[in-house]
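Take a look at the letters that make up each chain.
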Amino acid sequence: MEWKIMLKQLQVKNTFIFNAVKTFKLEKKEENKIKVLFPSDSAKVEFDKVSGEFFNHFRKKVQNHAIEVEYERDVENLKIEVVTKRKIFEKFIEKNPLLRDLDDLMKFDLT
């Protein structure tokens, strides 16, 4: 619940950091350990700007100052793919194979 509250506050106060950390996932590993799954190093840098304040507040809220935080990169969470014009054209070729013949004839520059 505290995580959702912090995200709502960030959405109003700092949308740049909000967009960087909204895909983070927090998991309770043990009684005193929290695992933070982050998608990229740049997103973690933005999270580091607000993590101290968040975890201090969280420790006070749950009255457990022995909580340790463990970070892990979540590769599955990172779904950013660079889509080139060539990749888009290849997808169209899958739908309509005649486009390959047109490409052979016209020699499209899809760079």
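All of the points below concern the structure found in this document. Everything quoted here is computed from the prediction, not taken from an experiment.

What counts as what
- Residues numbered from 1 in each chain as written.
- Predicted model: local features only at pLDDT ≥ 70, side-chain atom pairs only at ≥ 80, totals over all residues.
- Heavy atoms only, no water.
- Pairing = 2+ DSSP bridges.
- Helix = DSSP H or I, 4+ residues; strand = E, 2+ residues; numbered from the N terminus.
- Expected span 1.5 Å × (residues − 1).
- Buried < 20%, exposed > 50% of the residue type's maximum accessible area, 1.4 Å probe, protein only.
- Arc of directions from axis to C-beta.
- Contact = heavy atoms within 4.5 Å.
- Phe/Tyr/Trp six-rings, centres within 6.5 Å; stacked < 30°, edge-to-face > 60°.
- Lys NZ or Arg CZ within 6 Å of the ring centre and 35° of its normal.
- Right-handed = clockwise from strand over helix to strand, strands pointing away.
- Axes fitted to C-alpha atoms, helices over the stretch in contact; angles between N-to-C directions.
- Parallel < 35°, antiparallel > 145°, perpendicular 65-115°, else oblique.
- Left-handed = near helix turned anticlockwise from the far one by under 90°.
- Nonpolar A, V, L, I, M, F, W, Y, C, P; charged D, E, K, R; others polar.
- Salt bridge = Lys/Arg side-chain N within 4 Å of Asp/Glu carboxyl O.

Below, the discussion takes up the pairing of strand β1 (residues 25-30). Relative to strand β2 (residues 33-38), β1 runs antiparallel, the two being bridged by 5 bridges. Of the residues in β2, the one forming a bridge with Lys-25 is Leu-37. In sequence, β1 turns back onto β2 through a hairpin of 2 residues.

This next bit is on helix α1 (residues 2-13). In a regular helix each residue adds 1.5 Å, so 12 residues correspond to 16 Å; α1 covers 16 Å between its end C-alpha atoms and thus fits that length. Every buried residue of α1 is accounted for by Glu-2, Trp-3, Met-6, Leu-7 and Leu-10. Seen from one end, α1 has its buried residues packed into an arc of 135°, which puts them on one side. Residues of α1 that are exposed and point over 90 degrees away from its buried face: Lys-4, Lys-8 and Val-12.

For Phe-47, the location among the structural elements is in helix α3 (residues 41-62). In this structure Phe-47 comes out as buried when scored by relative accessible area, which is 0%. Sequence separation between Phe-47 and Phe-24 is 23 residues, and the spatial gap between their C-alpha atoms is 9.1 Å. With residues up to four places along the chain from it excluded, the contact list for Phe-47 reads Trp-3, Val-21, Phe-24, Val-36, Phe-55 and Tyr-71.

Right, let's talk about the packing of aromatic side chains for a bit. Throughout the structure, instances matching the rule amount to 9 aromatic pairs. Every member of this aromatic cluster is reached through a ring pair, and the members are Trp-3, Phe-24, Phe-38, Phe-47, Phe-54, Phe-55, Phe-58 and Tyr-71. Taking the ring centre of Tyr-71 as reference, the NZ or CZ of Lys-44 above it sits at 4.2 Å.

The subject of this paragraph is the pairing of strand β3 (residues 68-73). The side chains of a regular strand alternate between both faces of the sheet. Both β2 and β3 contribute to a ladder of 6 bridges, which runs parallel. Residue pairing in the sheet places Val-36 in a bridge with Tyr-71 of β3. Once you follow β2 into α3 and on to β3, the crossover reads as right-handed.

Bringing the packing of α1 against α3 into the picture now. Orientation of α1 relative to α3, taken along the N-to-C sense of each, is 140°, at an axis distance of 11 Å. Judged by the angle between their axes, α1 and α3 are oblique. In this structure, α1 meets α3 at a crossing whose hand is right-handed. Contact residues: α1 offers Glu-2, Trp-3, Met-6, Leu-10 and Lys-13, while α3 offers Phe-47, Val-50, Glu-53, Phe-54, His-57, Phe-58 and Lys-61. Classifying every residue of the contact of α1 with α3 gives 7 nonpolar, 1 polar and 4 charged.

Further remarks concern the pattern of salt bridges. Using the criterion set out here, one finds 8 salt bridges in the structure. Two residues, Asp-41 and Arg-73, come together in a salt bridge whose shortest N-O distance is 3.5 Å. Within this pair, whereas Asp-41 is found in helix α3, its partner Arg-73 is found in strand β3, the two being separated by 32 residues in sequence. According to the relative accessible area criterion, Asp-41 is partly exposed, its value standing at 45%. The exposure class assigned to Arg-73 is partly exposed, which follows from its relative accessible area of 40%. One continuous salt-bridge network, built from bridges that share partners, spans Arg-86, Glu-90 and Asp-103.

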